[in-house]
Amino acid sequence: MSKVEGLIAETKLKELLHRTEAEKQKNTIVWVLAIIGAIAAVAAIAFAVYKFVTPDYLEDFEEDFDDDFDDYFSEEDQV
C-alpha cells in the first residue's frame, strides 16, 4: 500500500506544481493588462484635460468671417 500512497502523493504534488505554473502565467497576463489599462486611463485623462483647457481659436475665426461676409453683399444683390 505504501507504493500506491506514494504514487497518489506524487500525482497530487504534480497537480499542485502545474497549478502554480498556470496561475503564474495568468497572473503575469493580468499584470500586463492592468499596466496597459492604467496607461490608457492616464492618457485619456490627459487628453480630456488638454481639450478642456485649450481654447478653440477656429470657432472665433469662423464667427468673424461670417460677419464680414454679410457686409460685402447688400440686399439688392441677393434678390
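Residues numbered from 1 in each chain as written. Predicted model: local features only at pLDDT ≥ 70, side-chain atom pairs only at ≥ 80, totals over all residues. Heavy atoms only, no water.

A tally of regular secondary structure across the protein gives three helices and zero strands. Element order for the protein, N to C, with α for helix and β for strand: α-α-α. Expressed as a percentage of its 79 residues, the buried residues of the protein come to 0%. Looking at the protein as shown, the accessible area adds up to about 8,000 Å², and 65% of this sits on carbon and sulfur atoms. (Helix = DSSP H or I, 4+ residues; strand = E, 2+ residues; numbered from the N terminus. Buried < 20%, exposed > 50% of the residue type's maximum accessible area, 1.4 Å probe, protein only. Areas by Shrake-Rupley, 256 points an atom, 1.4 Å probe, with all protein chains shown as cover.)

Okay, a nonpolar patch on the surface next. A surface patch of nonpolar side chains, amounting to about 390 Å² of accessible area, comprises Ile 29, Val 32, Leu 33 and Ile 36. Position of Leu 33 relative to the elements: it lies in helix H1 (residues 2-53). For Leu 33, a relative accessible area of 56% translates into the label exposed. (Patch = residues over 30% accessible without salt bridge, like charges linked within 9 Å, V, L, I, M, F, W, Y side chains within 5 Å. Salt bridge = Lys/Arg side-chain N within 4 Å of Asp/Glu carboxyl O.)

Attention shifts here to the confidence of the model for the protein. Averaged over all residues, the pLDDT of the protein equals 77, while 67% of them reach at least 70. In the model of the protein, helix H2 (residues 57-72) stands out as the element of lowest mean pLDDT, 59, in contrast to H1, which has the highest, 86. (pLDDT = per-residue confidence, 0-100.)

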